[in-house]
Amino acid sequence: MYIGRFAPSPSGPLHFGSLVAALGSYFQAKSRNGLWLVRIEDIDPPREVEGASELILQTLKAYELNWDGEVLYQSQRLDDYQAQIDRWLAEEQAYLCECTRKQIKAAGGFYQGACRDKALTDSQGCSVRLKMHYPISCFVDEKHGTLTIPDGLAKEDFIIKRRDGLFAYNLAVVLDDIHQGVTEVVRGADLIEPTGRQISLYKTLGAAPVTYLHLPLAIDDSGNKLSKQNHATAIDLSNPKPTLLNAMRFLGFEISDDIAGQNIAKIVQWGVENWQLFQLPNQLKIKPPFSNESL
Ligand code: GLU
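Cut-offs applied
Residues numbered from 1 in each chain as written. Predicted model: local features only at pLDDT ≥ 70, side-chain atom pairs only at ≥ 80, totals over all residues. Heavy atoms only, no water. UniProt positions renumbered as here; feature names shortened; annotations may be inferred. Salt bridge = Lys/Arg side-chain N within 4 Å of Asp/Glu carboxyl O. Helix = DSSP H or I, 4+ residues; strand = E, 2+ residues; numbered from the N terminus. Buried < 20%, exposed > 50% of the residue type's maximum accessible area, 1.4 Å probe, protein only. Arc of directions from axis to C-beta. Contact = heavy atoms within 4.5 Å. Core = buried A, V, L, I, M, F, W, Y, C linked by side-chain atoms within 4.5 Å. Pairing = 2+ DSSP bridges. Expected span 1.5 Å × (residues − 1).

Looking at an unreviewed UniProt entry, one finds the chain named Glutamyl-Q tRNA(Asp) synthetase and attributed to Vibrio chaetopteri. The UniProt entry for the chain carries this comment under Function (unreviewed entry): "Catalyzes the tRNA-independent activation of glutamate in presence of ATP and the subsequent transfer of glutamate onto a tRNA(Asp). Glutamate is transferred on the 2-amino-5-(4,5-dihydroxy-2-cyclopenten-1-yl) moiety of the queuosine in the wobble position of the QUC anticodon." Word for word, the UniProt comment on the chain under Sequence similarities (unreviewed entry) is "Belongs to the class-I aminoacyl-tRNA synthetase family. GluQ subfamily."

Details of the pattern of salt bridges
Summed over all chains, the structure comprises 16 salt bridges. Among the salt bridges present, the one from D176 reaches R77, with a minimum N-O distance of 2.6 Å. Residue D176 is located in helix α6 (residues 169-179), and its partner R77 is located in the loop between β3 (72-73) and α3 (78-90); the two are separated by 99 residues in the primary sequence. Each member of the pair, D176 as well as R77, is classed as buried. With a shortest N-O distance of 2.3 Å, R197 and E156 are connected by a salt bridge. Of the two residues, R197 is situated in helix α7 (residues 192-205) and E156 in the loop between α5 (151-155) and β8 (159-161); the sequence distance between them amounts to 41 residues. The class of R197 is buried, set by a relative accessible area of 16%. With a relative accessible area of 9%, E156 lands in the buried category.

Description of helix α2 (residues 52-62)
Helical geometry: 3.6 residues make up each α-helical turn, so side chains three or four residues apart lie on a common side. What α2 keeps buried is the set A52, S53, I56, L57, T59 and L60. The buried residues of α2 occupy one face: seen down the axis, they fall within an arc of 160 degrees. Check the buried side of α2 and you find it contacts β1 (3-6), α1 (16-31), β2 (35-40) and β3. Among the residues trailing α2, E64 stands out with phi positive, at a value near 60 degrees.

Overview of the nonpolar core
Most often, soluble globular proteins keep nonpolar side chains buried together rather than apart. Within the largest apolar cluster, 48 residues are counted, with the highest numbers of intra-cluster contacts made by F27, W36, L60 and L65. Taken together, the elements giving at least two residues each to this core come down to α1, β2, α2, β10 (211-215), α8 (240-250), α9 (257-260) and α10 (264-274). Among the elements that line this core, the one with the most residues is α1, at nine residues. Contact partners of L65, with chain neighbours within four places excluded, come to L19, A22, L23, Y26, W36, L60 and V268.

Comments concerning the sheet that holds β2
Read from one edge to the other, the open sheet built from three strands follows the order β1-β2-β3, with strand pairing classed as parallel. Edge positions in the open sheet fall to β1 and β3, since each of these has one partner strand only. Relative to β3, β2 runs parallel, the two being bridged by two bridges. By the bridge assignment, R39 is partnered in β3 with L72.

Here we look at α7
Under the 1.5 Å per step criterion, the end-to-end length of α7 is 20 Å for 14 residues, consistent within 8% with the ideal 20 Å. Of the residues making up α7, those classed as buried are I192, P194, T195, G196, R197, Q198, I199, S200, L201, Y202 and T204. Backbone geometry just after α7 places G206 at a positive phi near 65 degrees.

Now the structure itself:
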């Protein structure tokens, strides 16, 4: 059975770009008669905005994106993340690293394994890195075919727990996708590079691989991703239809006046029935053809 998911971080309300990811993953799951799960990725408290999780869920409901089962919160999964890290540390698959970002930058930008053989034991102020046994320099995307990942990035022993004690996004995402039985990951094209590390985590864990579909990224006038961090406009909760139609057009739908005149639930259902990967734009980044205010 197809199991898809939408996994927002509660660092702010949903914006146009995150609605595109929510809709794309929903259409892909529901057009395959699959489940669509929602997971709140609340593992980075300093970046969290109070009330954002509730607001995100409320927004999904206003757009008639009704998820299956219970919402999973990553903050409830910390013991599992730690248990996996402890196993890898015990097996010497992972190790403590005292390098700072500054030092790595000064050494050329990619981490070269400076702490691999140091056998550090005091975790205070150290990150945990996974020994890279499965460098992934490309993968096949359902829409875009083979996508490549820079070599230096692919080969790095990457961080699974940060110096500040927080779990790394890549580790949490993969452990949760496996835990929830996700079969396909559909998300924005900003997450193409981390996909390599995530595939290598599946291989390290001996878990069944998933398929990937990356959706075009909505960018602003200066070419930056619309994101919660750069304060993209929160999408409208009280009058969702214009934004819904814009997000669906962004995903390649041509919407007749007749469809546009229907209610939200009907429009979303029509989207499920008419979702086709070939209609998705080929570009990985697109500036939406309407003003920021109407987002
Ligand atoms: N939580 C991530 C974000 O909001 C998305 C994770 C994912 O889809 O893999 O950017």
